[in-house]
Amino acid sequence: MSQNRITVAVDIGGTFTDLELRDDTTGQSHSLKSPTTPDDPARGLADALLLAAERFGFALSDIGLILHGTTIATNAVLTRDLPDGALITTEGFEDVLEIGRHARRDIYALRGADRSVLIPRRRRFGAPGRIGAAGEVVRPLDAAALDRVISRVADSGVEATAICLLNAFANPAQEIAIRKALLARCPGMAVSCSHEVSPEIREFERTATTVLNAQLVPVIHRYVTAVRKRLSDAGVTAPVYLIQSNGGAISLDAAVQAPVKLLLSGPSGGVLAAQKLARSLNTPDVVGVDMGGTSYDVAVISGGQRTVVTQGEIDGLPVRVPMVEMHTIGAGGGSIAFVDASGRLQVGPRSAGAVPGPVCYGRGGQEPTVTDINLILGRLDPSTFLGGRFALDLDGARAALRDRMEVPLNLDTDHAASGILSVVNAKLAASIKFSLFAKGLDPRDFALMSFGGAGGVHAIEVAEELGITQVIFPRDPSTFSAHGILSSDIQHDLSRTEILPLAPASLAALAAMAEDLCARGTALLDADAIAPERRVLRLTADLRYRGQAFELMTDMPDGPCTEQTLATLRERFEEQHRQRFSFDDPDEAVELVTMRLVAIGRLGDEGRTAARHSPSEDRATGTRPVHVNGAWAKVPVHRQLSLAPGEVIDGPAIIEQEYTTLLIPGHWSLTMTETGDMTARKQP
């Protein structure tokens, strides 16, 4: 392998660290899984790279690029392992975080759910100044009063401060002045300003996003420092990019300043890969599901396109940055089964994680997990897990099931284990229904694309619950998200809010906004040293009917802003409105709220095609007892890499590969494709 021609994609999950490697000279690729080290994920990353270099025969100095998806930011938020923070906002708006929106999740509840507020009232400070809606200075900053605010922040001992002033997206001057004064007093403090993090309307969401960003800065800074040291000690000199929630890559330095963009870092890679595979298989409508050790992520690919939204939520906290639309529940191979106080069988969201992990891992786990149940029911082979390098403890799993489930519920082994699987599969199916029904889509019109290390033994049973008749298994389903990360490009998202009617009188303002965004995007790609021919600039507009409280993101046509641009925008907006809400209103005025730019710097080779699959293992002839279709049966076991293109396997059957197992129930058949991807269909 030639010098600096190895591209590595890394997806660090809660249980395993997944690697996908590509030799950019030959196009040959490899995948690898290594246990995650929760106490120091950077150590697990370095260990995985060393293991890959040893197994696949290259030097760490051969690595030319590392693309890294991480759950560090997500886990810090979920566990609230965040440093103390402060908020400086416009005087009189200190309670925006607690006021929030009036919307209630449960409209029949007698009281609203408690709101999660990251910064307590005693550390929220009002700044003596005011910016108007048009960006005019209504009240200048009072130097003496500001000095008192800065002193209170400094005396609070916080590690991070968010600055979010009213209408700062229209005029950031006062935010900039406050940051300058704060850093002069506290030079080591992490400071985030809303005009840089989320320069858009809606005060509550902008404030919440800026606060979250500020408190994540120290977390990601420490992680990036650890990654740089671990890689340097190992002799890796390649540049490292982190994957954002939008699926694009960002430099380490930029990620430290905008860590809120990393909240869906790993899962977004799976969505990219699902979109790419759906197009190559000419199956434009798929539901991509990623089942790992701790979570189940659902993303809808409709018409060959993934959906990017401008606002999401994590653990009840609004996040207003572009991200791949995805629904996540706590259901994975490590999800723990238990009997609740009412005597009902429950599974998840609590997970055994990587340490101690499922009982069968033999690392001290005591409670049965989904992986333990699949082992007990014969769906997993204790001797071939992770290619035989990780023997599973079947007796330990059975003992845990007996003690925690069979005795309390007065059930035998088969009924207890199959009951747990039924609960899990019902939860997985419900999460897919939620994602599709919210868009007015019918599951029967979609194929299910299953990936992640734990998904292969559940996918077809979940599809049957939904009426789906086609299931797609990627060639390397266990490391599929890492495979998607391998195709990531540098991506910068910029936005500018200015509410304007979609009318000829606004053309000059629209042209000025587009010119400003394109200039800023070009400057960022210049800093990334992206060649001009590898750049893409895409403009979109958030549009709404006048008086609406929400917008739809609409693609802007190429070229200068003309009256035809306005007509095309309105046509596209109304088509989206009809699709989403089943009506449009040609007589109502349309207005622009925010213009956005996506600045892309191509890193990968878009022209590369997948290599043709050919059998590389001997044909397996064995069977083993498996609980499938409600009963035990002797089921043929096949090695995935022994199957030839076009070969059809009728269920019930087990398909094993190094890192995962696929279960094909009766009345289904699986076909190997030319590229090594597999398609299962329900037989008539």
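This text follows the structure it describes.
Below: a short report on this structure.

About the criteria used
- Residues numbered from 1 in each chain as written.
- Predicted model: local features only at pLDDT ≥ 70, side-chain atom pairs only at ≥ 80, totals over all residues.
- Heavy atoms only, no water.
- Core = buried A, V, L, I, M, F, W, Y, C linked by side-chain atoms within 4.5 Å.
- Buried < 20%, exposed > 50% of the residue type's maximum accessible area, 1.4 Å probe, protein only.
- Helix = DSSP H or I, 4+ residues; strand = E, 2+ residues; numbered from the N terminus.
- 1 Å grid on protein atoms, 1.4 Å probe; cavity = no way out; pocket = protein on both sides within 12 Å on 5 of 7 lines; lining within 4 Å.
- Points joined across faces, edges and corners; volume = space filled by probe spheres on them.
- Lys, Arg positive; Asp, Glu negative; His and termini not counted.
- Salt bridge = Lys/Arg side-chain N within 4 Å of Asp/Glu carboxyl O.
- Polar contact = N/O pair within 3.5 Å; in protein donor to acceptor, adjacent residues only side chain to side chain.
- Contact = heavy atoms within 4.5 Å.
- Axes fitted to C-alpha atoms, helices over the stretch in contact; angles between N-to-C directions.
- Parallel < 35°, antiparallel > 145°, perpendicular 65-115°, else oblique.
- Left-handed = near helix turned anticlockwise from the far one by under 90°.
- Pairing = 2+ DSSP bridges.
- Right-handed = clockwise from strand over helix to strand, strands pointing away.

The nonpolar side chains of a soluble globular protein tend to be buried, and buried together. Membership of the largest hydrophobic core comes to 127 residues, with the highest contact counts inside it found for Leu49, Ile66, Leu212, Tyr296, Ile432 and Phe473. In terms of residues, this core owes the most to one element, helix H7 (residues 203-234), which gives 12 residues. Counting 33 residues, the second largest nonpolar core, distinct from the first, contains Leu65, Ala249, Leu525 and Leu597.

Counted by the stated rule, this structure contains 4 cavities of 30 Å³ or more. Here the largest cavity defines a volume of roughly 110 Å³. Along its surface, the largest cavity is lined by Leu97, Arg115, Ser116, Val117, Leu118, Phe204, Ala208, Val211, Leu212, Gly316, Leu317 and Pro318. Elements supplying a minimum of two residues to the lining of the largest cavity: H7 and strand E18 (317-319).

As a further point, take the side chain of aspartate 493. Note on placement: aspartate 493 falls in strand E25 (residues 490-501). Within the buried core, aspartate 493 has no salt-bridge partner, and the shortest N-O distance to an opposite charge, that of lysine 261, equals 6.0 Å. Engagement of the side chain of aspartate 493 in a polar contact is seen with the side chain of asparagine 246, the distance being 2.2 Å. If sequence neighbours within four positions are ignored, aspartate 493 has contacts with Asn246, Lys261, Pro322, Leu597 and Val598.

Axis separation between helix H1 (residues 41-56) and H7 bottoms out at 9 Å; the angle between their running directions is 30 degrees. Classed by the angle they form, the pair H1 and H7 counts as roughly parallel. With respect to the hand of their crossing, H1 and H7 are arranged in right-handed fashion. Mapping the contact onto sequence places Pro41, Ala42, Arg43, Leu45, Ala46 and Leu49 in H1 and Tyr223, Ala226, Val227, Arg230 and Leu231 in H7.

Turning our attention to the pairing of strand E10 (residues 190-193). Two faces belong to every sheet, and in a regular strand the side chains alternate between them. Of the two faces of E10, both are covered, the one formed by Ala190 and Ser192 as well as the one formed by Val191 and Cys193. By the bridge criterion, 4 bridges tie strand E9 (residues 160-164) to E10 in an arrangement that is parallel. Directly across from alanine 160, in E10, lies its bridge partner alanine 190. As for the winding sense of the linkage, the β-α-β connection from E9 through helix H5 (residues 173-185) to E10 is right-handed.

Where burial is concerned, most of strand E28 (residues 590-601) is hidden: 12 out of the 12 residues are buried. In the sheet, E25 pairs with E28 via 10 bridges, with the strands oriented antiparallel. Within E28, the residue paired with histidine 492 across the bridge is alanine 599. Sheet topology places strand E26 (residues 535-545) next to E28; 11 bridges connect them, and they run antiparallel. Paired with tyrosine 545 across the bridge in E28 is valine 590.

Within the secondary structure layout, glutamate 574 lies in helix H16 (residues 563-581). A relative accessible area of 9% means that glutamate 574 is categorised as buried. Within the local environment of glutamate 574, its side chain forms a polar contact with the side chain of tyrosine 545, the two groups lying 3.2 Å apart. Once residues lying within four places of it in the same chain are set aside, the contact partners of glutamate 574 are Tyr545, Asp584, Asp585 and Pro586.

Right, let's talk about the sheet that holds E10 for a bit. The sheet built from 4 strands is open, its strands ordered E6-E5-E9-E10 with parallel pairing. The strands lining the two open edges of the sheet, one partner per strand, are strand E6 (124-127) and E10. Put simply, the sheet's adjacent strands are angled 20 degrees from each other on average, direction ignored. Inspection of the sheet shows strand E5 (residues 85-90) paired to E9 by 5 bridges, in the parallel sense.

Moving on to the pattern of salt bridges. The final tally for this structure, using the stated rule, is 43 salt bridges. A salt bridge links glutamate 658 to arginine 55, with the shortest nitrogen-to-oxygen separation between them at 3.2 Å. Taken as a pair, glutamate 658 in the loop between strand E32 (653-656) and strand E33 (661-664) and arginine 55 in helix H1 lie far apart in primary sequence, 603 residues in all. Note on glutamate 658: relative accessible area 29%, which makes it partly exposed. Take arginine 55: its relative accessible area is 31%, and that puts it in the partly exposed class. Aspartate 516 is the salt-bridge partner of arginine 520, the closest N and O atoms lying 3.2 Å from each other. Residue arginine 520 and its partner aspartate 516 are located together in helix H15 (residues 507-527), separated by 4 residues, close to a single helical turn. Given the relative accessible area of 34%, arginine 520 is considered partly exposed. A single network of salt bridges, built from pairs that share partners, joins Asp95, Glu98, Arg121 and Arg124.

Once that is clear, we can look at the sheet that holds strand E29 (residues 623-628). Read from one edge to the other, the open sheet built from 4 strands follows the order E29-E30-E32-E33, with strand pairing classed as mixed. Each end of this open sheet is capped by a strand with a single partner; those strands are E29 and E33. Neighbour-to-neighbour, the strand axes of the sheet open up by a mean angle of 35 degrees, direction not taken into account. With 3 bridges connecting them, strand E30 (residues 631-639) and E32 associate as parallel partners. Bridge assignment links arginine 639 to a residue of E32, and that residue is glutamate 656.

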